[in-house]
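Analysis of the macromolecular model
So you can see what is in the structure, the chains are spelled out below.
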2 protein chains.
Amino acid sequence: MASRIGREIRLSPVELGSQIAKKVEINLASGNPDPAVMPVKEIEEAYNEVIENIGFKSLIYPGAGGQEELIESINKHFLPLLNVTTKDDMTVVTSGAQHAMELISKYFLENDVVGVENPTFVETFNTMKLRASVSLPFDVKGDGIDVDMVRSLTKVTKIKLLYVIPNCHNPAGVTMSVEKRKEIAELAHESDFFVIEDDPYRPIAGKVPPPIKNFDNWGKVIYVGSFSKILAPGLRVGFAVGDRKIMEKISLLEQLDFSTSTVNQYVVSLLLKKGLIKDLSSRMSEHYSNKMKVLTDSLTENGFDLFNKPSCGFFLLLDLKKDSWSVFREAVKGGLSFVPAKPFFLRGGNTMARLSITNAKEEEIRRGVEILRKSVNQL
Amino acid sequence: MASRIGREIRLSPVELGSQIAKKVEINLASGNPDPAVMPVKEIEEAYNEVIENIGFKSLIYPGAGGQEELIESINKHFLPLLNVTTKDDMTVVTSGAQHAMELISKYFLENDVVGVENPTFVETFNTMKLRASVSLPFDVKGDGIDVDMVRSLTKVTKIKLLYVIPNCHNPAGVTMSVEKRKEIAELAHESDFFVIEDDPYRPIAGKVPPPIKNFDNWGKVIYVGSFSKILAPGLRVGFAVGDRKIMEKISLLEQLDFSTSTVNQYVVSLLLKKGLIKDLSSRMSEHYSNKMKVLTDSLTENGFDLFNKPSCGFFLLLDLKKDSWSVFREAVKGGLSFVPAKPFFLRGGNTMARLSITNAKEEEIRRGVEILRKSVNQL
């Protein structure tokens, strides 16, 4: 009765984790930024200023591709802050990075072969998986995706798209080395595939290597950015930037949903022009880095040893050495929620847990890890 | 290289008309509501109130399917105002009606046969057309779609979806009779197809017959509504309501784009609870009805005779009796923009023009029609 996408869509494990997280005391599941540092007041003032100054024009239909004003602000203020270099590229505004992924996948995919990190962020990857014939999982090491594995596969199969999260990986917590970034851009050229560089954490990441896009001289990398981590996810504003010919088509695809709020685009543009986003960027990287240290210290103190130490971002991937859904059920009884990470893996991952540092306060992170320890021990 | 949708997407003629309209003096092209009646101040105040009272929770990720608070407000305050009756139905919040269409089409369609009014609103219909194998056009009469024609076709082919705009049709300006609404609901049951009832104009339409959905006892009609005409399109908030089993799936599909702004949902919910939308409803129908009379009177005075007199909505379809693109080029030189309506037709429509009453003031409508007369005469 339904289309393939209609038949195959499922409730995401992240949604499930979030729903359960609302009911327990300590939330190590959330992908929302820390409310303590969200610029709520500044956003409220920006709505006032935008509607006062721009009036009804801030409330009419958005154009497909984004409001000219925001596109200019991103190009002028945000891309330089992110260290993204462009040539004859085009920026398209989207309703968050997730929507950008949906548009890019909609443009490219029809039963093709896609490549993806194992693990990967399942919600964004779903836009590809539900349209691909085959999804090839590539291992993620401490310095990012196993590029040699990608190279081997490209010799025997034609990959259409490769999806990577180079910084503060969700859920793996790792950041890709500069060398691998160069190699991926070159391999995309040699083996004729496109790369989706999903980089929502860069604005809060502190010092990280340049984007893969900066090493791409052939128009093969589409860079996807977001204001969700640095401002607020509830605005639903993100963007994609890449080769003009492709981005023009992707901007036309926005005619099918016209989903990016006009007034919210003006709000983001204003906050970029005012320099708020630049100011927040350094403060936030320090804030999250401090909280991540609380988590890694607590894990070590409680005898956990199989995890990377993320240098940035919201998430840490922990091997519980026991079935993570069983641990999850115990943990929820104890008042803790996290995300069992099996669904982030195309292969393996049964004992993995994704822990988030955003929602819980430092003391709650410590108590959460203690609950986790007890839950593991009880099995 | 691209998917079918990626290959076949084109710049919409409505977008083209809008872009040109920005450059000329008199705009009879726009689909935006009249700025003179848009509740800009009330929306600004609502943003303040929402962010003050709900704080960071109004700015976190939206849930797939919509915020519980808005869903309740729609069910309690908006559906009764719209005279939409529900049984064990489910309401899903979307980023406007266009996004609802995209989700519904994505759920149902994979090279199926779809039925559509001729003419139809090309932007929403594109979500179906780009996924269907065949699009069957059914004539639109003064009392709506030719139901007998639909019935005949269902005897020889299997239609998956029928797309109709029952009230203040865009672009035809007609409103469907009660009898035809009943017949469509019954035919959908008998011939096993689904109906998308696209009803964005109802909140500003004044007295119109009950929705097709109210005659549907079999879960075959999905009703699509919007806040774009009564509040502001720049909020990007709409909804769809229908059979729970289907709407649950459609709500899961929102995980692929997560595009509906959380704070905007709270703003709409607040304005529903405050009764603003109810108050606006009657005022707006009178306002637009007065402007429509200015247009029809001007057309008659200027010797145009091939048009319906719309009882509601933003649009009137006029037969220019000459190629409408040629007239359009003349009109733009004279300072007038409208939308040549050929692209709204799957069959015919070369001499048709869509005229909008929203953006132009009454005096501009009169002058616009005079320019139109001269432009026609010059060919």
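Criteria and thresholds
- Residues numbered from 1 in each chain as written.
- Chains lettered and ligands numbered in written order.
- Predicted model: local features only at pLDDT ≥ 70, side-chain atom pairs only at ≥ 80, totals over all residues.
- Heavy atoms only, no water.
- Least-squares fit on C-alpha atoms with pLDDT ≥ 70 in both.
- Contact = heavy atoms within 4.5 Å.
- Domains from an automatic or database assignment.
- Buried area = accessible area lost by both parts, 1.4 Å probe.
- Core = buried A, V, L, I, M, F, W, Y, C linked by side-chain atoms within 4.5 Å.
- Buried < 20%, exposed > 50% of the residue type's maximum accessible area, 1.4 Å probe, protein only.
- Salt bridge = Lys/Arg side-chain N within 4 Å of Asp/Glu carboxyl O.
- Helix = DSSP H or I, 4+ residues; strand = E, 2+ residues; numbered from the N terminus.
- Polar contact = N/O pair within 3.5 Å; in protein donor to acceptor, adjacent residues only side chain to side chain.

1. Details of the relation of the copies chain B and chain A
- Superposing chain B onto chain A requires a rotation of 180° together with a translation of 0.0 Å along the rotation axis, leaving an RMSD of 0.0 Å. Put plainly, the chains are arranged around a two-fold axis. By C-alpha distance to the rotation axis, the residue of chain B lying nearest is B:Ser259, at 3.1 Å.
- Of all interface residues in chain B, 100% are interface residues in chain A too; the two copies therefore contact each other through one and the same surface.

2. Quick word on the domain arrangement of chain A
Residues and elements named next belong to chain A.
- Taken as a whole, chain A is organised into domain 1 (4-39 + 278-377) and domain 2 (58-275).
- The straight-line distance from the C-alpha centre of domain 1 to that of domain 2 is 24 Å.
- Surface buried jointly by domain 1 and domain 2 totals about 3000 Å² across both partners, of which 63% is contributed by carbon and sulfur atoms.
- Per-residue buried area on domain 1 facing domain 2 is highest for Phe344, Leu346 and Arg347; these three make up 21% of the total on that side.

3. Considering the nonpolar core
- Counting 140 residues, the largest nonpolar core has A:Phe227, A:Leu231, A:Phe338, A:Leu355, B:Phe227, B:Leu231 and B:Phe338 as its most contacted members.
- Excluding residues within four positions of it along the chain, A:Leu355 makes contact with A:Leu28, A:Leu295, A:Leu299, A:Phe314, A:Phe315, A:Leu316, A:Leu318, A:Phe338 and A:Leu372.

4. Some words on the pattern of salt bridges
- One pass over the structure, following the stated rule, counts 50 salt bridges over all chains.
- Residue B:Lys160 pairs with B:Asp112 through a salt bridge whose shortest N-O separation is 3.0 Å. Highlighted residues: B:Lys160 in the loop between helix 7 (147-156) and strand 6 (161-164) and B:Asp112 in the loop between helix 5 (96-108) and strand 3 (113-118), separated in sequence by 48 residues.
- Linked by salt bridges that have partners in common, A:Lys41, A:Glu44 and B:Glu52 make up one network.

5. Examining the interface of chain B and chain A
- Facing the 69 residues of chain B at the interface are 69 residues of chain A.
- Of the roughly 5700 Å² buried where chain B meets chain A, counting both sides, 61% is carbon and sulfur surface.
- Of all residues in chain B, the largest losses of buried area upon contact with chain A belong to B:Leu59, B:Tyr61 and B:Leu256, amounting jointly to 13% of the total for that side.
- Applying the counting rule to chain B against chain A returns 6 salt bridges.
- With its nearest N and O atoms 3.9 Å apart, the salt bridge here joins B:Arg7 to A:Glu110.
- Where chain B meets chain A, there are 37 residue pairs in polar contact (both at pLDDT 80 or more).
- Mapped onto the side of chain B that touches chain A, the elements with two or more residues apiece are helix 1 (4-8), helix 3 (40-54), helix 5, helix 6 (122-129), helix 9 (244-253) and helix 10 (262-273) of chain B.
- Here the side of chain B that touches chain A takes 8 residues from helix 3 of chain B, the largest share from any one element.

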